[in-house]
Amino acid sequence: MIRISQVMGPTVQGEGSAAGRHCLFVRTFACNLECGFCDTAYTWAVTDQKAAKTRSGHKYDRNDPAYGEKLMEPEKVLDRLMTLWDVEKRPTIIVVSGGEPMMQQQALVPLLERLHGWGNEIHIETAGTIAPTTGFDALVTQYNVSPKLANSGNARSKRYKPEALAVLRDTGKSWFKFVVTHEKDLAEVDLIVADAALPVQRVMVMPEGSDGRTNITTAQQVVDPALARGYGLSFRTHVFLWNDDPDR
Ligand code: SF4
């Protein structure tokens, strides 16, 4: 069984090196981090204690039929994907996101095997704290790794796992995306890039913000210092198009 929050699409990948590409999203339930700025807190902020970690303080309903936790067989997830797009005949990108999908690698393998076998690209969105197993990695086309900074509100010991980052880096399939709220965050990005020996040409910074105006303002602040370091810039494309609509 896979712990699922949402299966949706077609939409565009909003962030990172694949931004703008046609895709479907499989959003898994549960996360091992608690980021204050999380835009999918409905996948984990279902207790008072966890809700207190979010910026809004909002507690979500685990049993909410739209965004709450559903225990689904891989076949059921596949059926749902097939109602959205014919993934067998017209392959696309299947973005497996969360929450933290790497918590459920074993359960995801049967689903990914079918999708991969039909020619779909499999992109995994992860915070980079859990290394992939060999069997899981064999099915993955690209990892979009977003290591979290102090601005996320997580303790460093929880959010920074250099040994997991090293495995992800060495797959040769990872892009690294850091959420920044201010230019000063770039110094922390530099430390992680150096310490974890991340390939600079695969590092992007992405302004935090659940509305287009905030996204642009922060981007204007960070773009030049990011470029001077060799980093790229990612917007959150979907917030320009649909604000923070969880169904897009
Ligand atoms: S790692 Fe991602 S899903 Fe988990 S709390 Fe942080 S932003 Fe949300």
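So, here is what we can say about the structure in this document. Keep in mind the model is a prediction, meaning the values are calculated, not measured. (Residues numbered from 1 in each chain as written. Predicted model: local features only at pLDDT ≥ 70, side-chain atom pairs only at ≥ 80, totals over all residues. Heavy atoms only, no water.)

1. Digging into the packing of helix α2 (residues 74–84) against helix α3 (residues 105–117)
Here comes step 1: In contact at an axis separation of 9 Å, α2 and α3 are set at 40° when each is read in the N-to-C sense. On the basis of their axis angle, the class for α2 and α3 is oblique. Here the hand of the crossing between α2 and α3 comes out right-handed. Note on element contacts: α3 touches α2 through Ala107, Pro110, Leu111, Arg114 and Leu115, opposite Pro74, Glu75, Val77, Leu78 and Leu81. (Axes fitted to C-alpha atoms, helices over the stretch in contact; angles between N-to-C directions. Helix = DSSP H or I, 4+ residues; strand = E, 2+ residues; numbered from the N terminus. Parallel < 35°, antiparallel > 145°, perpendicular 65-115°, else oblique. Left-handed = near helix turned anticlockwise from the far one by under 90°. Contact = heavy atoms within 4.5 Å.)

2. A short note on the layout of surface pockets
Here comes step 1: Of the volumes computed, that of the largest pocket is approximately 970 Å³.
Here comes step 2: Only β1 (2–12), β2 (22–28), β5 (121–126) and β7 (174–180) provide two or more residues apiece to the lining of the largest pocket.
Here comes step 3: Among the elements that line the lining of the largest pocket, the one with the most residues is β1, at three residues.
Here comes step 4: Here the lining of the largest pocket is built from residues that sort into 16 nonpolar, 18 polar and 14 charged. (1 Å grid on protein atoms, 1.4 Å probe; cavity = no way out; pocket = protein on both sides within 12 Å on 5 of 7 lines; lining within 4 Å. Points joined across faces, edges and corners; volume = space filled by probe spheres on them. Nonpolar A, V, L, I, M, F, W, Y, C, P; charged D, E, K, R; others polar.)

3. Structural notes on the site of the ligand
Here comes step 1: If you check the shell around the ligand, you find Cys31, Leu33, Cys35, Cys38, Thr40, Trp44, Gly99, Ala127 and Lys148 and nothing else.
Here comes step 2: Given that more than half its atoms are within 2 Å of the pocket grid, the ligand belongs to the largest pocket.
Here comes step 3: Looking at side-chain class alone, the shell around the ligand contains six nonpolar, two polar and one charged residues. (Near = heavy atom within 4 Å. Sits in = over half its atoms within 2 Å of the grid points.)

4. A few points about the nonpolar core
Here comes step 1: Ranked by size, the top nonpolar core spans 45 residues in total, and within it Val77, Leu112, Leu115, Ile124, Phe136 and Phe178 carry the most contacts.
Here comes step 2: It is α3 that provides the largest number of residues to this core, a total of five residues.
Here comes step 3: What Leu115 contacts, discounting residues up to four positions off in sequence, is Leu78, Leu81, Val87, Ile94, Asn120 and Ile122.
Here comes step 4: Of all hydrophobic cores here, the second largest spans ten residues; its members include Cys31, Trp44, Ala127 and Val179. (Core = buried A, V, L, I, M, F, W, Y, C linked by side-chain atoms within 4.5 Å. Buried < 20%, exposed > 50% of the residue type's maximum accessible area, 1.4 Å probe, protein only.)

5. Observations concerning unusual backbone geometry
Here comes step 1: Gly9 connects to Pro10 through a cis peptide bond whose omega is -5°.
Here comes step 2: Within the secondary structure layout, Pro10 lies in strand β1.
Here comes step 3: Residue Ala30 is not a glycine yet carries a positive backbone phi of 90°.
Here comes step 4: With respect to the element layout, Ala30 can be found in the loop between β2 and α1 (48–51).

6. With respect to the sheet that holds β5
Here comes step 1: As summarised here, the arrangement of the nine strands in space is β3-β1-β2-β4-β5-β6-β7-β8-β9, forming an open sheet in which the pairing is mixed. Each having just a single partner strand, β3 (70–72) and β9 (232–233) make up the two edges of the open sheet.
Here comes step 2: Bridge count for strand β6 (residues 142–145) against β7 is three bridges, and the pairing is parallel. Looking across to β7, one finds that Asn144 is bridged to Trp175.
Here comes step 3: Sitting on the sheet, helix α7 (residues 185–195) is in contact with β7 and β8 (203–207), with an inclination near 155° to β7. (Pairing = 2+ DSSP bridges.)

7. Structural notes on α7
Here comes step 1: Those residues of α7 lying buried are Asp185, Leu186, Glu188, Val189, Ile192 and Val193. Seen along its axis, α7 keeps its buried residues to an arc of 155°; they face one direction. Of the exposed residues in α7, those oriented more than 90 degrees away from the buried face are Leu191, Ala194 and Asp195.
Here comes step 2: Those residues of α7 that are buried are in contact with α5 (156–159), α6 (162–170), β7, β8 and α8 (212–229). (Arc of directions from axis to C-beta.)

8. Quick notes on the pairing of β7
Within a regular beta strand, the side chains point alternately toward one face of the sheet and then the other, so they alternate between its two faces.
Here comes step 1: With six of seven residues buried, β7 is to be regarded as a mostly interior element.
Here comes step 2: Examined bridge by bridge, β7 and β8 share five bridges and lie parallel to one another. Across the sheet, Phe178 pairs through a bridge with Val205, a residue of β8.
Here comes step 3: At this point the chain moves from β7, through α7, to the parallel β8, and the crossover so formed is right-handed. (Right-handed = clockwise from strand over helix to strand, strands pointing away.)

Bear in mind that shape data such as this cannot, by itself, settle questions of function.
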